[in-house]
Amino acid sequence: MARLTAEFWVQAYLARLRVMDIPGFLVMHGDNTAGAVLIKMNTLDGNASVYQRSFDLMTGARQWVVLCDGPESDVDQAIVKQQSFDPDLWVVEVEDRQGRHLLDEPGLSD
């Protein structure tokens, strides 16, 4: 199966957020083809979560898992730390008081 480029996935994700009237912004532009993607969920109350894609070697399943959550400043520090390991990192920030990020929706969850 062909893999989507990181740039294509991010642009499709941002378009899907727009359709649902959920603000989403590209914060960090990584490698167009193979950069890892982090999703920062900002609930606009001083707290946030950051999600990363996880791959289960035993089953081959891919899922979004929480890398860090808590005060927004702690989440931002976790993102900076990840960027120090991976300069090709993409970061998308989603702002929604209800915490909607769509990562559990078909097409994004698997």
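Conventions we followed
- Residues numbered from 1 in each chain as written.
- Predicted model: local features only at pLDDT ≥ 70, side-chain atom pairs only at ≥ 80, totals over all residues.
- Heavy atoms only, no water.
- Helix = DSSP H or I, 4+ residues; strand = E, 2+ residues; numbered from the N terminus.
- Expected span 1.5 Å × (residues − 1).
- Buried < 20%, exposed > 50% of the residue type's maximum accessible area, 1.4 Å probe, protein only.
- Arc of directions from axis to C-beta.
- Salt bridge = Lys/Arg side-chain N within 4 Å of Asp/Glu carboxyl O.
- Pairing = 2+ DSSP bridges.

**Student:** I'd like a rundown of helix α2 (residues 72-85), residues and numbers included.
**Tutor:** Given 3.6 residues per turn, any residue in an α-helix points the same way as the ones three and four places further on. Under the 1.5 Å per step criterion, the end-to-end length of α2 is 20 Å for 14 residues, consistent within 8% with the ideal 20 Å. All of the buried residues along α2 are Val75, Ala78 and Ile79. All buried residues of α2 lie within an arc of 100 degrees about the axis, which places them on one face of the element. Seen from the buried face of α2, the exposed residues on the opposite side, beyond 90 degrees, are Gln77, Val80, Lys81 and Ser84.

**Student:** Could you give me a rundown of unusual backbone geometry, with the residues and numbers involved?
**Tutor:** Backbone geometry places Leu44, a non-glycine residue, at a positive phi of 60 degrees. Residue placement: Leu44 occurs in the loop between β2 (37-42) and β3 (47-55). With a relative accessible area of 37%, Leu44 lands in the partly exposed category. Residues other than glycine seldom take positive phi values, yet Leu102 does so here, at roughly 70 degrees. With respect to the element layout, Leu102 can be found in the segment after β5 (90-95). On the basis of relative accessible area, Leu102 is assigned to the buried category, the value being 9%.

**Student:** Now, about the pattern of salt bridges: what can you tell me, with residues and values included?
**Tutor:** In total, this model carries four salt bridges according to the counting rule given. Of the charged contacts in the structure, one is a salt bridge between Lys40 and Asp76, with a shortest N-O distance of 2.6 Å. Here Lys40 is found in strand β2, whereas its partner Asp76 is found in helix α2, with 36 residues between them in sequence. When its relative accessible area of 31% is taken as the criterion, Asp76 is described as partly exposed. One salt-bridge network, in which partners are shared between bridges, spans Lys40, Glu72, Asp76 and Glu93.

**Student:** If you had to explain the pairing of β3 to someone new, which residues and values would you point to?
**Tutor:** Two faces belong to every sheet, and in a regular strand the side chains alternate between them. As paired elements, β2 and β3 share five bridges and run antiparallel to each other. Following the sheet pairing, Ile39 is matched in β3 by Tyr51. Between β2 and β3, which pair antiparallel one after the other, the connecting turn spans four residues, and Leu44 there sits at a positive phi close to 60 degrees. Bridge count between β3 and strand β4 (residues 62-71): nine bridges; the pairing is antiparallel. Across the sheet, the residue bridging to Gln52 is Val65, located in β4. Once β3 ends, the chain turns through six residues before running back antiparallel as β4, passing Gly60 with a positive phi of about 80 degrees.

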